[in-house]
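Chain by chain, the residues:
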Amino acid sequence: NKKSVLSTFSNYAVGERSFSSWFVAMAYTNSWWPGATFTAFFGLGIAAGVIGLYALVYTVLGVIAMYFIARPVWKWGKRFDLRTQSDLLALRYGSQGVKTLSSCISALALFPWLVLGLQAMGALVQWASLGQLDVTTSLLIGVGVIAVRQIWTVQMGMRGLIISDMVQGIVAYVGSSVLCIGLLLFLFGGFKNIQELPSANLTLPGFDSPVGGWYYFSLVAAGIIGSLCWPMIFTRIYTGGSVGEVKKGVIQTMVISLIFYGLLILVAMSAIPMLGGAANPQQAWFVLTQSAGGTWLLAAALLIVFAATMGFVDGVVQSLGTQVANDIVGVVRPLRDKQEIIVAKVAMAVFVGLGLIVAYNTYDRPNLV
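Reading guide: rules and limits
Residues numbered from 1 in each chain as written. Predicted model: local features only at pLDDT ≥ 70, side-chain atom pairs only at ≥ 80, totals over all residues. Heavy atoms only, no water. Helix = DSSP H or I, 4+ residues; strand = E, 2+ residues; numbered from the N terminus. Rg over C-alpha atoms; globule rule 2.2 N^0.38 Å. Buried < 20%, exposed > 50% of the residue type's maximum accessible area, 1.4 Å probe, protein only. Areas by Shrake-Rupley, 256 points an atom, 1.4 Å probe, with all protein chains shown as cover. Polar contact = N/O pair within 3.5 Å; in protein donor to acceptor, adjacent residues only side chain to side chain. Core = buried A, V, L, I, M, F, W, Y, C linked by side-chain atoms within 4.5 Å. Contact = heavy atoms within 4.5 Å. Expected span 1.5 Å × (residues − 1). Bend = angle between axes of the 7 residues up to and from the residue. pLDDT = per-residue confidence, 0-100. Axes fitted to C-alpha atoms, helices over the stretch in contact; angles between N-to-C directions. Left-handed = near helix turned anticlockwise from the far one by under 90°. Nonpolar A, V, L, I, M, F, W, Y, C, P; charged D, E, K, R; others polar. Phe/Tyr/Trp six-rings, centres within 6.5 Å; stacked < 30°, edge-to-face > 60°. Lys NZ or Arg CZ within 6 Å of the ring centre and 35° of its normal. Parallel < 35°, antiparallel > 145°, perpendicular 65-115°, else oblique. Patch = residues over 30% accessible without salt bridge, like charges linked within 9 Å, V, L, I, M, F, W, Y side chains within 5 Å. Salt bridge = Lys/Arg side-chain N within 4 Å of Asp/Glu carboxyl O.

Caption draft 1: Representation of the overall build of the protein chain within the structure. Summing up its helical and strand segments, the protein chain has 15 helices and zero strands in all. Scaling as 2.2 N^0.38, a compact globule of 369 residues should have a C-alpha radius of gyration of about 21 Å, and the protein chain matches this with 21 Å. Expressed as a percentage of the 369 residues in the protein chain, the buried residues total 53%. When the accessible area of the protein chain is evaluated, it comes to approximately 16400 Å², of which 69% is carbon and sulfur surface.

Caption draft 2: Broad picture of the side chain of Ser209. Tracing the backbone shows Ser209 in the loop between α9 (199-202) and α10 (215-227). Ser209 sits in the buried class, given a relative accessible area of 18%. A polar side-chain atom of Ser209 sits 2.6 Å from the main-chain carbonyl oxygen of Gly206.

Caption draft 3: Structural view of the nonpolar core. Counting residues in hydrophobic clusters, the biggest one holds 101 residues, and the most contacted among them are Phe42, Leu114, Tyr261 and Trp285. Per-element accounting of this core gives the leading share, 20 residues, to helix α14 (residues 284-332). When near neighbours in sequence (up to four residues on either side) are disregarded, Phe42 contacts Thr37, Leu264, Val267, Ala268, Ala284, Trp285 and Leu288.

Caption draft 4: Fine view of α14. Between its first and last C-alpha, α14 extends only 46 Å over 49 residues, short of the 72 Å set by a 1.5 Å rise per residue. Gly294 marks where α14 bends most, by close to 140°.

Caption draft 5: Region of interest: the confidence of the model for the protein chain. When pLDDT is averaged along the protein chain, the result is 85; 91% of the residues meet or exceed 70. At the low end of the mean pLDDT range in the protein chain sits helix α1 (residues 2-14), at 48; at the high end sits helix α12 (residues 243-270), at 94. Note on residues 1-9: pLDDT under 50 across the span, and three contacts to partners over four residues away in sequence or across chains.

Caption draft 6: Broad picture of the packing of helix α4 (residues 54-80) against helix α11 (residues 231-239). Between α4 and α11, the least distance of the axes is 9 Å, while the angle of their chain directions is 65°. Like other packed secondary-structure pairs, α4 and α11 cross with a definite hand, here right-handed. Across the interface between the two elements, Met66, Ile69, Ala70, Val73, Trp74 and Gly77 of α4 pack against Ile233, Phe234, Ile237 and Tyr238 of α11. Split into classes, the residues belonging to the contact of α4 with α11 amount to nine nonpolar, one polar and no charged.

Caption draft 7: The arrangement of the packing of aromatic side chains in detail. Applying the stated criterion across every chain yields a total of 19 aromatic pairs. Their ring planes at 90° and their centres at 6.0 Å tell us that Phe207 and Trp214 sit as a pair that is edge-to-face. Accessibility classification places Phe207 together with Trp214 in one group, the exposed group. Among the aromatic side chains, those forming a connected cluster through ring pairs are Trp33, Phe38, Phe41, Phe42, Tyr54, Tyr58, Trp113, Tyr173, Phe260, Tyr261, Trp285 and Phe312. Geometry around Tyr93 places Arg92 over its ring, the cationic atom sitting 4.8 Å from the centre. When the ring centre of Tyr67 is taken as reference, the NZ or CZ atom of Lys247 above it lies at 4.8 Å.

Caption draft 8: Examining the packing of helix α3 (residues 40-48) against α12 more closely. Closest axis-to-axis distance for the α3/α12 pair is 8 Å, and the angle between their directions is 45°. Taken together, the axes of α3 and α12 lie oblique to each other. Along this stretch, α3 crosses α12, giving a crossing that reads as right-handed. Along its contact with α3, which presents Phe41, Phe42, Gly45 and Ile46, the element α12 presents Tyr261, Leu264, Ile265, Val267, Ala268 and Met269.

Caption draft 9: Main features of the side chain of Gln283. Locating Gln283 in the fold gives a position in the loop between α13 (272-275) and α14. The contact partners of Gln283, leaving out residues within four places of it in the chain, are Ala123, Trp127 and Tyr363.

Caption draft 10: Spotlight on unusual backbone geometry. Even without a glycine there, the phi angle at Leu130 is positive, about 55°. Position of Leu130 relative to the elements: it lies in the loop between α6 (96-128) and α7 (135-187).

Caption draft 11: Just a nonpolar patch on the surface, in detail. Side chains of Ile342, Val346, Val350, Leu354, Ile357 and Val358 sit close together on the surface and give an oily, nonpolar patch of about 500 Å² of accessible area. Within the fold, Val358 resides in helix α15 (residues 337-361).

Caption draft 12: View of the pattern of salt bridges. Across all of its chains, the model carries three salt bridges by this definition. Between Lys99 and Asp327 there is a salt bridge; the shortest N-O distance is 3.9 Å. Taken together, the positions of Lys99 in helix α6 and Asp327 in helix α14 put the pair 228 residues apart, joining distant regions of the chain. Across the pair, exposure class does not vary: Lys99 and Asp327 are buried alike. For Lys248, the salt bridge is made with Glu245, and the minimal N-O distance between the two is 3.6 Å.

Right under this line is the structure:
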């Protein structure tokens, strides 16, 4: 009976390890590119130019690394009923201390992404109200929507998340790619604006620059290392039906990222002559689409950000709560199932509350990436 219960819970936690490569790829992508891609990262492309592509470089290199570790991660996960990244590390090194330490690091690393996600939701709600709602109200409504989303997650578990990631991924990444192509062709007339940009927007910082020659390298290297520490990604590896499906999903993730994010930064760079001096470049995605196509195109842009944000923030919140309950508190003091659920929910509420405070106080600051 105990084995049956564990098996059932494992199926709930990793979606029965049964999904095909395209589901893995969309879940991967939705866990990687949040709604903040259209606010913070798009704003970075406008504020700094070609350096905004650093995220694509570290993504491709980081995902390649995931390709090579997919086999042991998936096989160990299936054999030893692993559900989190920290479970894997504890098994590999035979240490509960490593399990707790890795989860603490993951929680600290995820928190800024939660802040960016909440800000994206706040910006989305504010623009959807056409500026009628203030920052506080917009952030609170955004969090309320995320709270409602938790009902689906609790009822369906990882299977529900993977299915919703597929729908959200099609809207967010396929939809935004089509929108970006339209903007490049009909608003900017191709790449004329990019060709006329000053060299500062088209070159990477050199050794004689104020930030130093190692600046770009440090951004990419930190991103690659960070990608290997991304707890939600490891969970997605566990959901694949086989090692082959996971590896195909990783390759498909690279293709989606190259097309989607490459087009997005090209649009951002094309918009520099128009919006380069904007006081808040993080709002540029909404400003650009509204000016290009009015309310209807703005609505499409809002839907894209909503789809990208919803699954990402929900996944971050769930991951934070699970890690605190299972990998931190659960190691110090073993918990029963009911206690673990209570601790996870309290941790989620605390993280969201702290995230709200930080998101509100840094809402209008540029270059938050």
